[in-house]
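Commentary on secondary and tertiary structure
Residues per chain are reported as follows:
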Amino acid sequence: MSESILDTIYGPEDLNNLSIIQLEKLAGEIRELLIHTIAHNGGHLAPNLGVVELTIALHKVFQSPKDKIVWDVGHQAYVHKILTGRRQDFSTLRQFGGISGFPKRCESEHDVFGTGHASTSISSALGIALARDISGDKYNVVAVIGDGSLTGGQAYEALNHAGHLRTNLTVILNDNEMSIAKNVGAISEYLARIRTAPTYSKVKHDIEYLLRRIPAIGDSVLKTAERVKDSLKYLLVPGILFEELGFTYVGPIDGHNLNTLMEVFYTTRSVNEPVLIHVITCKGKGYSPAERNADIFHGVGPFCVESGKVHKNGSTPSYTQVFGDTLVKLAEKNKDIIAITAAMPEGTGLKKFASLFPDRLFDVGIAEPHAVTLAGGMATQGKIPVVAIYSTFLQRAYDQVLHDICLQNLPVIFILDRAGIVGEDGATHHGVFDYSYLRPIPNLTIMSPKDENELQHMLFTATTMSKPVAIRYPRGCGPGAELEPKIQMIESGKSELLRPGTDAVFYSIGAMVEPSRAAAELLANRGIHAAVVNARFVKPLDGEMLRKLSHDYGVIITVEDNVLAGGFGTAVLEYMNTQKFNWVKLLRLGLPDEFIPHGQRSLLLEHNGLSPERIAASVESFVKHSGAKG
Ligand SMILES: Cc1ncc(C[n+]2csc(CCOP(=O)(O)OP(=O)(O)O)c2C)c(N)n1
Ligand SMILES: CC(=O)[C@@H](O)[C@H](O)COP(=O)(O)O
Ligand SMILES: [Mg+2]
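Just so we're clear, the structure is a prediction, and the values are computed from it rather than from any experiment. (Residues numbered from 1 in each chain as written. Chains lettered and ligands numbered in written order. Predicted model: local features only at pLDDT ≥ 70, side-chain atom pairs only at ≥ 80, totals over all residues. Heavy atoms only, no water.)

**Some points on the overall build of the protein**
Each helix and strand counted, the protein has 24 helices and 17 strands in total. At 28 Å, the protein has a C-alpha radius of gyration in line with the 25 Å of a compact globule built from 630 residues. For the protein, the spread of C-alpha atoms along the principal axes amounts to about 105 × 60 × 50 Å. Across the 630 residues of the protein, 57% fall into the buried class. In the protein, of all internal contacts separated by at least 6 residues, the share reaching a separation of at least 24 is 76%. Within the structure as shown, the protein displays about 25700 Å² of accessible surface, and the carbon and sulfur contribution to it stands at 55%. (Helix = DSSP H or I, 4+ residues; strand = E, 2+ residues; numbered from the N terminus. Rg over C-alpha atoms; globule rule 2.2 N^0.38 Å. Buried < 20%, exposed > 50% of the residue type's maximum accessible area, 1.4 Å probe, protein only. Contact = heavy atoms within 4.5 Å. Areas by Shrake-Rupley, 256 points an atom, 1.4 Å probe, with all protein chains shown as cover.)

This is how it looks when you write it as structure tokens:
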């Protein structure tokens, strides 16, 4: 059997002597590695299968790390990692201690900018290019951005700025017609029109063919013909939007044709002006289940390679599913309920809502700031907008939440899915800051359910409050609570006692209530009897309950899957201070002041002291050392 070419690749320089035939063989081997590794580890299979040739051509023509390549979002950078010295570690993809699923500067000199949130690549690439120019250095800078990420506003801020400057910057638009789902918006429709235009190389070929047939009667005709070609090119150039923004548009070109890709990259890399190369690719290329279902295989869990079947993890409905089902029930009765997503209808559980209420679901593309202010506009007209955005991605719309919604006290409901520790997506995706970034905002109520059943009650309550409300819950399943058939109101700002005790009390929030309850069971076996209270609200705090707990127990433990800085425990600390309850011994358990890496969620929780065993150990030590018990 011929030796694997992939086994000879330790860095991009190992591509230099490979022929087109060998590069094409290499592409096949990389696809095999992607499919089998992601079938085991999970990950972003379809996006990476779509950029195999593009990435090979990039590293064949541009000399990374001297030349800089920035990947937008970076979920499609696995091939880049395989070609830049991480082939041997690729089996550790997204595993604790293994390589990240996104570019990370600390992981490799080839990862010039850390990404994970969309639409930032042109900004950072331009920054690198301008720094280069200021230093008088010479190297190429390339940003690779997808059609979905091009629906994000920051991309236009950067295009606008770059187009104004005459500097060497290459933007590669990786257009596979897909975000996570089918792409939305006018930009996507524009790109669709371009995709059907004759490819640049065909038009160029046709014009040159015509020019060659004109009898050679002196330069004047050829010069005229060249001018015609240029003006014709201008007219035919489908990328007029980008040309008007100051970019030289090249494309559309076949993103799976290595020859074309390398020819265009060699031609454009020495141009000292911003160039946008429009590359057409197929998301999931080379693995038919992913080609057929690029949305399912966008970010996929472990699956069977032969059948393409994704391994299911149980029948317990996830928090996301309970949210989606509950919202449908509420929307059936309340016509004012509107749902808004930022390109994540599937991930936020809104597919069913979209199918039943197509006129009341708005997918704005990867445009979280716009999503929030759009909701504000709707709310001024009596609608009840429910904006479902992952906790980490809502960070992008902070001013909109504060200034456009809460300052005006508009009745918008924020659903922060993927809150807390998310898992294998790692530091760019953990939703561990939202208690801290939302708590300072006046007028905002912040709730977090202890289980799926309480989520449905909280969602219903939020639709009746006529004010800004945020509800946050983690990725995946909760404790698996029975869903009560009758959805009830929850009294605003009120917590609930779940378990009596004598020596201490847990005052815990959201997904940390169940682990606290389990920790209380462990402590009981060690002679420490801890009560458990489900706080329910981060804001407003339940002052009446806290006064009672302070007098009845004196030892309070808060537990949250949020950073301690400015989080839920800090809210309780501030309360104790304001009330001058100086006798209270308060232990705050939560996440440290550092970025949590990627890994299995349960492992990361344990690693950060938030598993029942670790919680129990911390409380046992605290109770003993604080003299609260024997
Ligand atoms: C600010 C932000 N919002 C949402 C996401 C979630 N997300 C990750 S990839 C993606 C779709 C990107 O589409 P595209 O740029 O076309 O890349 P493709 O997967 O098609 O290669 C989305 C919405 C994100 N990473 N960042
Ligand atoms: C790359 C990206 O940001 C999304 O694909 C994200 O990884 C989706 O996360 P979930 O798998 O939790 O929906
Ligand atoms: Mg895409």
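**As for the site of ligand 2**
Contacts to ligand 2 come from His44, Val73, His75, Phe102, Ile180, His298, Tyr390, Phe393, Arg418, Asp425, His429 and Arg475. Histidine 44 has a polar side-chain atom sitting 2.9 Å from an oxygen atom of ligand 2. Between ligand 2 and arginine 475, the relevant distance is 2.7 Å, taken from an oxygen atom to a side-chain nitrogen or oxygen of the residue. When isolated, ligand 2 has an accessible area of 360 Å², and the protein chains bury 88% of it. The two domains that each donate at least three residues to the shell around ligand 2 are domain 1 (6-197 + 237-292) and domain 3 (319-474). (Near = heavy atom within 4 Å. Polar contact = N/O pair within 3.5 Å; in protein donor to acceptor, adjacent residues only side chain to side chain. Domains from an automatic or database assignment.)

**A look at the site of ligand 1**
Around ligand 1, the structure places 23 residues, and the nearest of them are His75, Gly148, Ser149, Met178 and Glu368. Here an oxygen atom of ligand 1 sits 2.9 Å away from a polar atom, N or O, in the side chain of asparagine 176. Here an oxygen atom of ligand 1 sits 2.8 Å away from a polar atom, N or O, in the side chain of lysine 283. Coverage of ligand 1 by the protein amounts to 98% of the 580 Å² it exposes when considered alone. Looking at side-chain class alone, the shell around ligand 1 contains nine nonpolar, ten polar and four charged residues. When residues of the shell around ligand 1 are sorted by domain, at least three fall in each of domain 1 (6-197 + 237-292) and domain 3 (319-474). (Nonpolar A, V, L, I, M, F, W, Y, C, P; charged D, E, K, R; others polar.)

**Considering the sheet that holds strand S10 (residues 445-447)**
The strand order across the open sheet formed by seven strands is S7-S6-S8-S9-S11-S10-S15, and the pairing between neighbours is mixed. Since the sheet does not close on itself, it has two edges, and those belong to strand S7 (361-363) and strand S15 (537-539), each with one partner. Averaged over all adjacent pairs, the angle separating strand axes in this sheet is 20 degrees, with direction ignored. Note: strand S6 (residues 337-341) against strand S8 (residues 384-388), five bridges, orientation parallel. Note on S8: the bridge partner recorded for threonine 341 is alanine 388. Along the sheet, helix H13 (residues 319-333) contacts S6, S8 and strand S9 (413-416); its crossing angle with S6, the most-contacted strand, is approximately 150 degrees. (Pairing = 2+ DSSP bridges. Axes fitted to C-alpha atoms, helices over the stretch in contact; angles between N-to-C directions.)

**Re the packing of aromatic side chains**
This structure, assessed with the given rule, holds 16 aromatic pairs. On the numbers, 5.8 Å between centres and 40 degrees between planes, the contact of tyrosine 287 with phenylalanine 303 is tilted. Of the two residues, tyrosine 287 is situated in the loop between strand S5 (274-280) and helix H12 (288-292) and phenylalanine 303 in the loop between H12 and H13; the sequence distance between them amounts to 16 residues. The pair formed by tyrosine 287 and phenylalanine 303 is uniform in burial state, with each residue classed as buried. Ring centres of tyrosine 575 and phenylalanine 581 lie 6.2 Å apart, and the angle between their planes is 80 degrees; on these two criteria the pair is classed as edge-to-face. For tyrosine 575, a relative accessible area of 12% translates into the label buried. Among the aromatic side chains, those forming a connected cluster through ring pairs are Tyr190, Phe242 and Tyr249. (Phe/Tyr/Trp six-rings, centres within 6.5 Å; stacked < 30°, edge-to-face > 60°.)

**A word on the UniProt feature "binding site: Mg(2+)" (unreviewed entry) in the protein**
Feature annotation in UniProt assigns "binding site: Mg(2+)" (unreviewed entry) to the following positions: Asp147 and Asn176. A maximum C-alpha distance of 6.9 Å places the annotated residues, which cover 30 residues in sequence, within one compact spot. On the secondary structure map, aspartate 147 appears in the loop between strand S2 (141-146) and helix H6 (153-164). The residues touching aspartate 147, leaving out its near neighbours within four places in the chain, are Leu173, Asn174, Asp175, Asn176, Glu177, Met178, Ser179, Asn183 and Leu191. (UniProt positions renumbered as here; feature names shortened; annotations may be inferred.)

**Side note on the coordination of the magnesium ion (ligand 3)**
For the magnesium ion (ligand 3), the protein coordination sphere consists of Asp147 (OD), Asn176 (OD1) and Met178 (O), at 1.9 to 2.2 Å. Linear spacing of the donor residues for the magnesium ion (ligand 3) on their chain is D-x28-N-x1-M. Taken together, the residues span a long stretch of sequence, with aspartate 147 in the loop between S2 and H6 and asparagine 176 in the loop between strand S3 (169-175) and helix H7 (186-196) at a distance of 29 residues. Exposure class is identical for aspartate 147 and asparagine 176. Each is buried. (Donors = N, O, S within 2.8 Å, 3.2 Å for Na, K, Ca; no water.)

**Thoughts on helix H22 (residues 568-579)**
Its twelve residues give H22 an end-to-end C-alpha distance of 17 Å, which sits within 8% of 16 Å, the value for a rise of 1.5 Å per residue. Those residues of H22 lying buried are Phe568, Gly569, Thr570, Ala571, Val572, Tyr575 and Met576. Contacts made by the buried residues of H22 are with helix H18 (434-438), strand S13 (504-508), S15, helix H21 (543-552), strand S16 (555-563) and strand S17 (585-591). Directly after H22, the chain includes lysine 580, whose backbone phi takes a positive value near 60 degrees. (Expected span 1.5 Å × (residues − 1).)

**Let's talk about the pairing of S8**
Remember that side chains alternate between the two faces of the sheet whenever the strand is regular. Counted residue by residue, S8 has five buried out of five residues, so it is predominantly covered. Examined bridge by bridge, S8 and S9 share three bridges and lie parallel to one another. Note that in S9 the partner of valine 387 across the bridge is phenylalanine 414.

**Description of the pattern of salt bridges**
Following the criterion strictly, the structure yields 28 salt bridges and no others. Among the ionic pairs, arginine 132 bridges to aspartate 133, the shortest N-O distance being 2.8 Å. The class for aspartate 133 is partly exposed, based on a relative accessible area of 36%. Through salt bridges with shared partners, one network takes in Lys450, Asp451, Glu454, Glu496 and Arg536. (Salt bridge = Lys/Arg side-chain N within 4 Å of Asp/Glu carboxyl O.)

**Here we look at the UniProt feature "domain: Transketolase-like pyrimidine-binding" (unreviewed entry) in the protein**
Residues given the UniProt feature "domain: Transketolase-like pyrimidine-binding" (unreviewed entry) here are residues 317-481. As annotated, residues 317-481 comprises 39% helix and 15% strand, and the C-alpha atoms at either end are separated by 10 Å.

**A closer look at the layout of surface pockets**
Of the pockets and cavities examined, the second largest pocket occupies roughly 330 Å³. Together, 21 residues line the second largest pocket, and Lys104, Gly426, Ala427, Thr428 and Phe595 are the ones closest to its centre. Class assignment of the residues belonging to the lining of the second largest pocket gives a composition of eight nonpolar, ten polar and three charged. (1 Å grid on protein atoms, 1.4 Å probe; cavity = no way out; pocket = protein on both sides within 12 Å on 5 of 7 lines; lining within 4 Å. Points joined across faces, edges and corners; volume = space filled by probe spheres on them.)

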